[in-house]
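So the chains spell out like this:
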Amino acid sequence: MVTMRKVTRVYGTGRHKVHALRGIDLEIPPATLAIIKGRSGSGKTTTLNLMAGLDRATSGQILVAGADLAELTQRQLTRWRRKTIGFIFQSFGLLPSLTALENVELPMRILGVGSKFRRERALECLHLVGLTRRASHRVLELSGGEQQRVGIARALVNKPQLILADEPTGELDHNTAMKVMVLFRELVEVQGVTICLVTHDPAVEEFGDYVFAIEDGRIGEVLHRREEGGR
């Protein structure tokens, strides 16, 4: 699903250069949960942004779902991203004036999907995350865990091949975070979705098929690989 070969990202010029990534190599197969862990400033969010085509590599090759991102124009990247990538944010990224259902429908509105199918698909995704009964509630009426599950449903709604999550448990208490990680595993195993998330929380590592440690813009060996069939 994702291949990165000798990827670098340098910001600035001259004496003001910042080497965010220094030759990243990684592969994430389809229908797996990959975790990239590291301290703040280690390069993990930069790596995620490059996978999403939100940023351009300085050098190296990035292949995602069969597309070479360097060969796509910005307009092509935007269209590709809408159909291929789902995003989950640490701060949930929901619109507080909308209901859970309306938030989940939003990516389909952007694509011009008809209202009947939009509603059916949004309800289907809310059902997947266990929130059908909260569909008509506005964001501020939901707990943090429920808001994150709405964010997950929204990420699923366009049937992406890859979901990218930036610190998805960062604002949740431990018990709620573990429930979200269990949901991620279910989505991988039952729905066949590929998920890549970045985190600095060691408690989530046990849920990963692959766990990559990143430090100073470099990835070391895979720290953990879930055996076939899980543990």
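In the block above lies the structure referred to throughout.
Attention in this report is confined to the structure presented alongside it. Predicted model, so just to flag it, every value in this text is computed and none were measured.

1. Remarks on the nonpolar core
Step number 1: Leu33, Val104, Leu126, Val150, Ile152, Phe184 and Ile195 are the most contacted members of the largest nonpolar core, which totals 40 residues.
Step number 2: Those elements that provide at least two residues to this core are β3 (33-37), α3 (100-110), α4 (115-128), α5 (144-156), β7 (162-166), α6 (174-191) and β8 (194-199).
Step number 3: It is α6 that contributes the most residues to this core, eight residues altogether.
Step number 4: For Ile195, the residues in contact, after removing those within four places along its chain, are Thr32, Leu33, Ala34, Ile163, Phe184, Leu187 and Val188.
Step number 5: Membership of the second largest hydrophobic core comes to 29 residues, among which are Ile24, Met51, Val64 and Leu164.

2. Some thoughts on the environment of Arg39
Step number 1: Its location among the elements puts Arg39 in the loop between β3 and α1 (44-51).
Step number 2: As for Arg39 and Gly14, which are separated by 25 residues in sequence, their C-alpha atoms are 26 Å apart.

3. Let's talk about the pairing of strand β4 (residues 59-64)
Step number 1: Of the pairings in the sheet, the one linking strand β1 (residues 2-11) to β4 comprises five bridges and is antiparallel in character. Residue Thr3 lies in a different strand from β4, and its bridge partner there is Leu63.
Step number 2: Pairing between β4 and strand β5 (residues 67-68): two bridges, direction antiparallel. Its bridge partner being in β5, Val64 is matched across the sheet by Ala67.
Step number 3: Connecting β4 to the antiparallel partner β5 that follows it, the hairpin turn spans two residues, and Ala65 within it adopts a positive phi of roughly 50°.

4. Observations regarding the packing of α3 against α4
Step number 1: Where α3 contacts α4, the axes come no closer than 9 Å and their chain directions differ by 125°. Between α3 and α4, the crossing angle belongs to the class labelled oblique. When the axes of α3 and α4 are compared, the crossing they make is right-handed. Counting all contacts with α3, which are made through Ala100, Leu101, Val104, Glu105, Met108 and Arg109, the residues of α4 involved are Ser115, Phe117, Arg118, Arg119, Arg121, Ala122, Leu123, Cys125 and Leu126.
Step number 2: The residue inventory of the contact of α3 with α4, partitioned by class, reads nine nonpolar, one polar and five charged.

5. Looking at α4
Residues spaced three or four apart along an α-helix point in a common direction, a consequence of the helix completing one turn every 3.6 residues.
Step number 1: For α4, built from 14 residues, the straight-helix expectation of 20 Å at 1.5 Å per residue is met to within 8% by its first-to-last C-alpha distance of 20 Å.
Step number 2: Listed in full, the buried residues belonging to α4 are Arg118, Arg121, Ala122, Cys125 and Leu126. Buried residues of α4 fall within an arc of 140° about the axis and therefore sit on the same side. For α4, the exposed residues set more than 90 degrees away from the buried face come down to Lys116 and His127.
Step number 3: Against the buried residues of α4 lie α3 and α5.
Step number 4: Taken from the residues just after α4, Gly130 is the one with a positive phi, measuring 75°.

6. With respect to unusual backbone geometry
Step number 1: For Lys6, which is not glycine, the phi torsion reads 50° and is therefore positive.
Step number 2: One can find Lys6 in strand β1.
Step number 3: A relative accessible area of 61% means that Lys6 is categorised as exposed.

7. Considerations on the pattern of salt bridges
Step number 1: Overall, the coordinates contain 11 salt bridges when judged by the stated rule.
Step number 2: A salt bridge links Lys37 to Glu205; the nearest nitrogen and oxygen atoms lie 3.1 Å apart. With a gap of 168 residues between them, Lys37 in strand β3 and Glu205 in the loop between β8 and β9 (210-215) connect regions that are remote in the sequence.
Step number 3: Among the salt bridges present, the one from Arg218 reaches Asp216, with a minimum N-O distance of 3.7 Å.
Step number 4: Look at Asp216 and you get partly exposed, because its relative accessible area is 43%.
Step number 5: Several salt bridges share partner residues, and in doing so they unite Arg22, Asp216 and Arg218 into one network.

8. Digging into the packing of α3 against α5
Axes are the key here: two packed helices are described by the angle between their axes and the distance separating the axes.
Step number 1: At a closest axis distance of 7 Å, the pairing of α3 and α5 adopts a crossing angle of 30°. By the angle between their axes, α3 is roughly parallel relative to α5. The two elements α3 and α5 meet at a crossing, and its hand is right-handed. In this structure, α3 contributes Ala100, Asn103, Val104 and Pro107 to the contact, and α5 contributes Val150, Ala153 and Arg154.

Thresholds, definitions, all that
Residues numbered from 1 in each chain as written. Predicted model: local features only at pLDDT ≥ 70, side-chain atom pairs only at ≥ 80, totals over all residues. Heavy atoms only, no water. Core = buried A, V, L, I, M, F, W, Y, C linked by side-chain atoms within 4.5 Å. Buried < 20%, exposed > 50% of the residue type's maximum accessible area, 1.4 Å probe, protein only. Helix = DSSP H or I, 4+ residues; strand = E, 2+ residues; numbered from the N terminus. Contact = heavy atoms within 4.5 Å. Pairing = 2+ DSSP bridges. Axes fitted to C-alpha atoms, helices over the stretch in contact; angles between N-to-C directions. Parallel < 35°, antiparallel > 145°, perpendicular 65-115°, else oblique. Left-handed = near helix turned anticlockwise from the far one by under 90°. Nonpolar A, V, L, I, M, F, W, Y, C, P; charged D, E, K, R; others polar. Expected span 1.5 Å × (residues − 1). Arc of directions from axis to C-beta. Salt bridge = Lys/Arg side-chain N within 4 Å of Asp/Glu carboxyl O.

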